[in-house]
Amino acid sequence: MALSGGADRGSHSMDKSITLPPDEIFRNLENAKRFAIDIGGSLTKLAYYSTVQHKVAKVRSFDHSAKETEGDPLYEISVQEEITARLHFIKFENAYIETCLDFIKDHLVNTETKVIKATAFVYAKHADSEFRFQNTHPDIFPYLLINIGSGVSIVKVEAEDKFERIGGSSIGGGTFWGLGALLTKTKRFDELLQLASKGQHTNVDMLVKDIYGGAYGSLGLTGDLIASSFGKSATTDKEFSKEDMAKSLLHMISNDIGQLACLYAKLHNLTRVYFGGFFIRGHPVTMHTITYSINFFTKGEVQALFLRHEGYLGAIGAFLKGAEEDNPNQYSWGENYAGSSGLMSVSPELNPVQRARSGTFDMLEMDRLERQLVNLPLLQDPTSYIPDTVDLTEDALAREHWLYCFEEALDGSTGSTVVKRAIASQKDQPEAVERAEKFRQKYRHKLQTLRHQPFAYGSLTVRSLLDTREHCLNEFNFPDPYSKIKQKENDMALKYYLRVVKSVEELSWEQRQFTLAKGLLAGNVFDWGAKAVSDVLESDPEFGFEQAKQQLQERPWLVDAYNQWIERLKGPPHKCALFFVDNSGIDIILGVFPFIRELLIRGTEVVLASNSGPALNDVTNSELQILTERIAAMDPVIHTALKEDRLALVQNGSSSPCLDLSRLDKVLATVVRERGTDLVIIEGMGRAIHTNYYAMLSCESLKLAVIKNSWLAERLGGKLFSVVFKYEVPSKAQG
């Protein structure tokens with residue numbers, strides 16, 4: 001199959017072809033608008049901008065002015081087509097360059113609206129050699145950028161528009177490939193890396209201890225330091241294995257590049273060195289050797305960092321250069337995990353589309369988000385903020401548990417598995433079963449990849465596992481599998497709203513505060529994303545608000561700062577509370593609204609921040625608008641607050657069950673700043689436990705959740721339905 005995805009399979013094109021299914025690799029080509037190409041000495045990297053048509057779930061309020069019939073749903077759910085922009089990045093070997101040029105001619109040159117750009121600048125998303133993925137610091141400049149392609153280019157970067165090539169070397173990835181091919185008769189780069197990962201370089205390299213025996217300590221050297229690459233091959237009369245030779249060669253070139261990097265970093269007084277280029281390949285041995293070399297020669301003063309999508313540096317730069325006319329500052333980009341390969345796409349046993357002849361392909365896709373995403377202004381230190389509580393690449397026990405959980409949620413025997421839920425949400429579409437099966441296969445393959453390569457898609461966290469699942473569901477046109485469940489539960493909860501409010505109003509002040517807090521926690525039990533809960537909801541339709549209250553842990557709670565909270569409430573009201581809400585139905589209607597109603601009565605303004613797009617049974621901004629209208633029609637307190645703009649509903653910019661406070665809708669950030677927000681409430685396991693548990697804010701915060709996973713509860717020292725009620729005051733505000 002030719003590179004263009006549509007050429008003849010005849011013999012004339014087979015030897016210069018990439019034998020891959022076109023819909024898997026060259027996706028959305030018919031809508032491609034702009035291409036960028038980075039042609040290196042060994043590999044070609046192609047970037048193109050395209051538009052993607054996919055289904056989105058929309059809700060629309062019915063006209064309630066007419067007399068309602070009992071049983072009428074609250075709102076209408078419809079699935080509509082929406083067009084969004086997507087960036088595609090693909091790499092392949094230069095052996096296919098002729099086919100590539102034909103492909104570009106066919107898809108680009110002969111059309112009127114498409115543009116080619118091929119100049120580059122820097123794009124950085126980096127991680128160190130232990131796969132601890134880091135956020136880009138605002139004070140990133142200056143740094144050294146070392147791009148390892150066929151040769152090595154060394155660039156000093158002082159600002160976004162100020163950079164200079166200060167050196168280079170002819171000994172790079174092409175050297176490893178060329179010498180490796182001569183030594184091992186292996187023509188494929190990734191195969192060489194495979195060989196190197198199995199080799200033992202000490203069989204080929206001469207070490208310090210081989211020369212000095214036991215007396216090397218006095219020289220300040222370690223015995224296993226390489227004294228001479230390939231040194232043993234000159235004196236030992238034996239055959240060396242391909243694996244050992246490949247490993248020795250990789251060490252030799254990586255050490256050489258590492259030392260070169262150190263010298264340039266020292267010369268220019270730089271402490272950070274970023275490595276890019278497809279030589280790295282996310283390969284642990286390469287990264288370890290370069291890091292070891294830099295640590296050794298600089299005594300730890302210079303830090304080696306690696307770009308996750310290292311090989312696309314030039315292609316991304318070329319694309320961004322060409323995108324300047326599109327006002328790129330008006331939106332943000334987010335990675336589409338469903339259409340991206342792993343960090344290492346070199347493992348034959350894991351890669352179902354392994355080719356007979358061509359080198360492994362690699363893909364990265366990024367979707368354009370039509371909103372600018374920015375930091376929450378109330379983060380104490382945005383540069384040190386890490387959303388995720390647990391790094392699953394480092395915590396093997398937690399990793400195994402959560403991978404098992406997500407697999408079980410995919411294929412388990414209960415009626416609430418994600419696949420069954422997806423099919424049920426589109427009963428009227430016969431092909432939904434087939435699409436759901438494709439979703440299952442794709443997501444399961446990603447989970448299996450992560451079992452073997454936890455760092456394959458960058459940071460591995462509960463958040464990334466949830467987000468990848470949402471992306472895969474969207475890929476197969478299941479935009480909101482829980483839409484009908486949410487609709488039904490919202491309808492039901494609204495019927496009880498006034499009853500709950502009236503029962504609370506009859507209590508004394510102190511009793512009322514505790515009942516509201518407990519109601520907020522009980523509401524949070526209703527989470528279809530938690531298996532322990534979905535099993536109950538599936539088997540017992542009568543399980544409701546009061547039953548949930550009975551399930552809650554008695555005080556003292558697992559994390560219990562309620563006494564401090566109640567003392568604070570005896571003081572002056574907060575100016576404005578920002579509340580990141582969680583689930584639909586009982587949670588938002590019977591838990592959150594009575595709670596924020598009390599804050600409004602106290603004189604506190606409230607901003608409700610909800611998801612921009614669907615995830616599990618979380619309430620979306622468009623659903624919340626309708627629910628709030630209905631509640632306002634029943635409740636004068638909510639009605640007045642809305643009318644006076646003391647209650648505001650704002651989307652958070654996310655479509656995830658978790659919460660990244662460094663990527664929030666810019667409008668929300670503006671509202672938070674303008675209203676002088678002095679209290680942040682974060683609710684739910686996804687937003688307050690899996691993410692933001694340790695987030696440091698510059699104002700008071702309340703993090704609330706019910707632990708609905710037995711394993712996690714036990715790990716935290718509690719049981720199922722244990723309560724986290726974490727009230728925090730920043731130290732400067734305490735003084």
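This is a predicted model, so every value here is computed, not measured.

Trainee: Explain the environment of Asn-474 here, please?
Mentor: Examined against the element boundaries, Asn-474 turns out to sit in helix α13 (residues 462–475). It is 9.0 Å that separates the C-alpha atoms of Asn-474 and Phe-439, two residues lying 35 residues apart in sequence.

Trainee: Teacher, can you tell me more about the packing of helix α5 (residues 189–198) against helix α7 (residues 242–267) here?
Mentor: For any two helices packed against each other, the geometry comes down to the angle between their axes and how far apart the axes lie. Here α5 crosses α7 at 100 degrees, and the two axes come no closer than 7 Å. Put simply, α5 runs roughly perpendicular to α7. Listed contacts from α7 to Leu-192, Leu-193, Leu-195, Ala-196 and Lys-198 of α5 are Lys-242, Glu-243, Ala-246, Lys-247 and Leu-250.

Trainee: How should the pairing of strand β17 (residues 576–580) be read in this particular structure?
Mentor: The two faces of the sheet receive side chains in turn, since in a regular strand these alternate between them. By the criterion of burial, β17 is predominantly enclosed, with 5 of the 5 residues buried. Covered by surrounding structure in β17 are Cys-576, Leu-578 and Phe-580 together with Ala-577 and Phe-579, the residues of both alternating faces. As defined by bridge partners, β17 adjoins strand β18 (residues 605–610) across 5 bridges and the pair is classed as parallel. Along β18, the bridge assignment pairs Cys-576 with Glu-605. A crossover links β17 with its parallel partner β18, the connecting element being helix α19 (residues 586–602), and its sense is right-handed. As defined by bridge partners, β17 adjoins strand β21 (residues 679–683) across 4 bridges and the pair is classed as parallel. Across the sheet, the residue bridging to Ala-577 is Leu-679, located in β21.

Trainee: What exactly am I supposed to notice about the nonpolar core here?
Mentor: Membership of the largest hydrophobic core comes to 59 residues, with the highest contact counts inside it found for Phe-593, Leu-608 and Phe-725. Looking at this core, the element that brings in the most residues is α19, giving 10 residues. A domain-level breakdown of this core finds at least three residues from each of domain 1 (22–61 + 73–119 + 318–367) and domain 4 (482–728). Membership of the second largest hydrophobic core comes to 40 residues, among which are Ala-436, Tyr-443, Leu-465 and Leu-473.

Trainee: Just to check I follow, could you spell out α19 for this structure?
Mentor: The α-helix winds at 3.6 residues per turn, so residues separated by three or four positions along the chain end up facing the same way. In this model α19 runs 23 Å from its N-terminal to its C-terminal C-alpha over 17 residues, within 8% of the 24 Å that 1.5 Å per residue would give. Bending of α19 peaks at approximately 35 degrees at the position of Val-592, with proline Pro-594 no more than four residues after it. Counting buried positions along α19 gives 16 out of 17 residues, so the element sits mostly inside the fold. Immediately downstream of α19, the backbone of Gly-603 shows phi near 105 degrees, a positive value.

Trainee: What's the story with the sheet that holds strand β23 (residues 722–728) in this structure? I'm lost.
Mentor: Working definition: the strands of a sheet are paired by backbone hydrogen bonds and lie parallel or antiparallel to each other. Read across the sheet, 7 strands follow the order β16-β23-β22-β21-β17-β18-β19 without closing on themselves; strand pairing throughout is mixed. Two strands in the sheet have a free side with no partner beyond their single neighbour: β16 (559–560) and β19 (647–651). The sheet contact formed by β21 and strand β22 (residues 700–707) spans 5 bridges and is parallel. Paired with Val-680 across the two strands is Ser-701, which belongs to β22. Here α19 sits on the sheet in contact with β17, β18, β19, β21 and β22, set at roughly 155 degrees to β18.

Trainee: Help me understand the pattern of salt bridges in this model?
Mentor: Two side chains of opposite charge can pair, provided their charged atoms sit close to one another. Applying the stated rule across the entire model yields 35 salt bridges. Asp-395 is the partner of Arg-715 in a salt bridge, and the nearest nitrogen-oxygen pair spans 2.7 Å. In this pair, Arg-715 sits in helix α24 (residues 710–715) while Asp-395 sits in the loop between β15 (373–374) and α10 (396–411), placing the two residues 320 residues apart along the sequence. Assessed through its relative accessible area of 39%, Arg-715 is described here as partly exposed. Glu-644 serves as the salt-bridge partner of Arg-646, at 3.0 Å between the closest nitrogen and oxygen. The exposure class assigned to Arg-646 is partly exposed, which follows from its relative accessible area of 23%. Salt bridges linked by common partners bring Arg-86, Glu-365, Asp-367 and Glu-475 together as one network.

Trainee: How should unusual backbone geometry be read in this particular structure?
Mentor: With glycine set apart, most residues show a phi of negative sign, and most peptide bonds adopt trans. At the junction of Phe-141 and Pro-142, the peptide bond is cis and its omega measures out at -10 degrees in the coordinates. Residue placement: Pro-142 occurs in the loop between β5 (126–127) and β6 (143–148). Across the junction of Arg-555 and Pro-556, the peptide omega takes the value 0 degrees, indicating a cis bond. Looking at where Pro-556 falls in the secondary structure, it is placed in the loop between α17 (545–551) and β16.

Trainee: Quick question: what am I supposed to make of the state of the cysteines here?
Mentor: Covalent bonding between the sulfur atoms of two cysteines is what defines a disulfide. For the coordinates displayed, the defined rule picks out 0 disulfides. Cys-576 takes part in no disulfide bond, and the closest cysteine sulfur, belonging to Cys-699, lies 9.6 Å away.

Trainee: Please explain the packing of α19 against helix α20 (residues 621–634) as it appears in this structure.
Mentor: Relative orientation of the contacting elements α19 and α20 amounts to 65 degrees, with a least axis distance of 12 Å. In terms of crossing hand, the pair formed by α19 and α20 is right-handed. Note on element contacts: α20 touches α19 through Leu-624, Leu-627, Thr-628 and Ile-631, opposite Ile-588, Ile-589 and Phe-593. Among the residues making up the contact of α19 with α20, the classes are represented as 6 nonpolar, 1 polar and no charged.

Trainee: I tried to follow the packing of aromatic side chains on my own but got confused; where do I start?
Mentor: What characterises a pair of aromatic rings is the spacing of the ring centres plus the angle enclosed by the ring planes. Per the counting criterion, the structure on display carries 21 aromatic pairs. Here a set of aromatic residues connected by ring pairs shows up, and it is made of Phe-176, Trp-177, Phe-189 and Phe-279. For the cation-ring pair, Arg-435 lies above Phe-478, with the distance from its terminal atom to the ring centre recorded as 4.7 Å. Stacked on the ring of Trp-557, the Lys or Arg Arg-555 has its end atom at 5.5 Å from the ring centre.

Trainee: I tried to follow a nonpolar patch on the surface on my own but got confused; where do I start?
Mentor: Residues Leu-179, Leu-182 and Leu-183 make up a contiguous nonpolar surface patch of about 260 Å² in total accessible area. Relative to the helices and strands, Leu-179 is located in helix α4 (residues 173–184). On the basis of relative accessible area, Leu-179 is assigned to the partly exposed category, the value being 35%.

Trainee: Sorry if this is basic, but what is going on with the side chain of His-251 here?
Mentor: Secondary-structure assignment places His-251 in helix α7. Beyond its immediate sequence surroundings of up to four residues, His-251 is in contact with His-201, Ile-226 and Thr-289.

Trainee: In this structure, what is going on with the side chain of Thr-604? I would like to understand it.
Mentor: By secondary structure assignment, the location of Thr-604 is in the loop between α19 and β18. For Thr-604, a relative accessible area of 0% corresponds to the buried category. Here the side chain of Thr-604 touches His-574 through a polar contact of 2.8 Å, landing on its backbone oxygen. Excluding anything up to four places from it in sequence, Thr-604 contacts Pro-573, His-574, Lys-575, Cys-576, Ala-577, Leu-599 and Arg-646.

Definitions and cut-offs
- Residues numbered from 1 in each chain as written.
- Predicted model: local features only at pLDDT ≥ 70, side-chain atom pairs only at ≥ 80, totals over all residues.
- Heavy atoms only, no water.
- Helix = DSSP H or I, 4+ residues; strand = E, 2+ residues; numbered from the N terminus.
- Axes fitted to C-alpha atoms, helices over the stretch in contact; angles between N-to-C directions.
- Parallel < 35°, antiparallel > 145°, perpendicular 65-115°, else oblique.
- Contact = heavy atoms within 4.5 Å.
- Buried < 20%, exposed > 50% of the residue type's maximum accessible area, 1.4 Å probe, protein only.
- Pairing = 2+ DSSP bridges.
- Right-handed = clockwise from strand over helix to strand, strands pointing away.
- Core = buried A, V, L, I, M, F, W, Y, C linked by side-chain atoms within 4.5 Å.
- Domains from an automatic or database assignment.
- Expected span 1.5 Å × (residues − 1).
- Bend = angle between axes of the 7 residues up to and from the residue.
- Salt bridge = Lys/Arg side-chain N within 4 Å of Asp/Glu carboxyl O.
- Disulfide = S-S within 2.5 Å.
- Left-handed = near helix turned anticlockwise from the far one by under 90°.
- Nonpolar A, V, L, I, M, F, W, Y, C, P; charged D, E, K, R; others polar.
- Phe/Tyr/Trp six-rings, centres within 6.5 Å; stacked < 30°, edge-to-face > 60°.
- Lys NZ or Arg CZ within 6 Å of the ring centre and 35° of its normal.
- Patch = residues over 30% accessible without salt bridge, like charges linked within 9 Å, V, L, I, M, F, W, Y side chains within 5 Å.
- Areas by Shrake-Rupley, 256 points an atom, 1.4 Å probe, with all protein chains shown as cover.
- Polar contact = N/O pair within 3.5 Å; in protein donor to acceptor, adjacent residues only side chain to side chain.

Function cannot be inferred from these measures alone, as they are strictly geometric.
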